Amino acid sequence: MKFPNIKSFTGILVAGCFFIGIKTNAQNWDINLLRDINPQHPNSFIWKGVSSSAYPVSIALPVGLFVESKINHDKKNEYRAYEIAGSIVLAAGATTVMKLVFDRKRPFQKYNDVFPHRYEDGKSFPSGHVTMAFAAATSVSLQYKKWYIVVPAYAWAAGVGYSRMYLGEHYPTDVIAGAVTGAGSALISHWISKKIFK
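Residues numbered from 1 in each chain as written. Predicted model: local features only at pLDDT ≥ 70, side-chain atom pairs only at ≥ 80, totals over all residues. Heavy atoms only, no water.

A. Local environment of the overall build of the chain. The secondary structure content of the chain amounts to nine helices and zero strands. Tracing the chain from N to C terminus, the helices and strands come up as α-α-α-α-α-α-α-α-α. Buried residues in the chain amount to 46% of all 198 residues. Considering only contacts in the chain between residues 6 or more positions apart, those separated by 24 or more positions represent 80%. As displayed, the chain offers around 10500 Å² of accessible surface, 66% of which is attributable to carbon and sulfur atoms. (Helix = DSSP H or I, 4+ residues; strand = E, 2+ residues; numbered from the N terminus. Buried < 20%, exposed > 50% of the residue type's maximum accessible area, 1.4 Å probe, protein only. Contact = heavy atoms within 4.5 Å. Areas by Shrake-Rupley, 256 points an atom, 1.4 Å probe, with all protein chains shown as cover.)

Here it is as structure tokens:
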């Protein structure tokens, strides 16, 4: 895969996240959509489970692949594990920096008609769960280009995004920014891996 100019991609990513994060008239659709998704009692065990799977699955993927590569002496899978791990590390770093820069409060801290599953600490923009899920899904999809891997991977990541809104923890724009940041991190990791592991 030939990666587009990294500076252009980074500029687009930063600009897109900036315009999503600033307070504009778009705030109205953002909170209105969240109100439509978030019920008064968000207690679905399915959405709780999908939401809580983001970090364990994202970490287990590269670790499991690395262990399998060592057991079977498979260099290709070892490199895949490094690439997926790289996307997770990039995604986590980008999310941490963006949360500090944008400093956006959680929706339930601003609106009393948003009902959180639980009162989580931390900033809202972007969603860390969604960033990790899309980093993992995109990275796996770049490695294994089969529909029966790509479709479930992105369905799970999209489910994580929906669950974060259902549970009242994030605005839709937090979820969109998380998806863009996660996918972007995976693309950058893929490009770097192609340069390192020829």
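The structure having been displayed, the exposition proceeds.
B. Molecular detail of the packing of aromatic side chains. In this structure the tally under the stated criterion is seven aromatic pairs. Taken together, a centroid distance of 5.9 Å and an interplanar angle of 45° make the contact between Phe66 and Tyr82 tilted. Of the two residues, Phe66 is situated in helix α4 (residues 54-71) and Tyr82 in helix α5 (residues 75-102); the sequence distance between them amounts to 16 residues. For the pair Tyr111 and Tyr171, a centre-to-centre distance of 6.5 Å together with 80° between the ring planes defines the contact as edge-to-face. (Phe/Tyr/Trp six-rings, centres within 6.5 Å; stacked < 30°, edge-to-face > 60°.)

C. Just the pattern of salt bridges, in detail. Counted by the stated rule, this structure contains seven salt bridges. In this structure, Asp113 engages Arg35 in a salt bridge whose closest nitrogen and oxygen atoms are separated by 2.7 Å. A residue pair is termed long-range when its members are at least 10 positions apart, and Asp113 in the loop between α6 (107-110) and α7 (128-143) and Arg35 in helix α2 (residues 27-37) qualify at 78 residues. Taking the relative accessible area as the measure of exposure, Arg35 reaches 32% and is therefore partly exposed. Note that Glu78 and Lys75 form a salt bridge whose closest N and O atoms lie 3.3 Å from each other. One end of the pair is Glu78 and the other is Lys75, both in helix α5 and three residues apart, which spans about a single turn. When its relative accessible area of 7% is taken as the criterion, Glu78 is described as buried. What makes Lys75 partly exposed here is its relative accessible area of 47%. (Salt bridge = Lys/Arg side-chain N within 4 Å of Asp/Glu carboxyl O.)

D. Spatial organisation of a nonpolar patch on the surface. A grouping of Tyr55, Ile59, Val63, Val67 and Ile71 is seen on the molecular surface, where their side chains present a nonpolar patch of about 460 Å² in accessible area. Positionally, Tyr55 belongs in helix α4. For Tyr55, a relative accessible area of 35% puts it in the partly exposed group. (Patch = residues over 30% accessible without salt bridge, like charges linked within 9 Å, V, L, I, M, F, W, Y side chains within 5 Å.)

On their own, these measurements won't tell you what the molecule is for.
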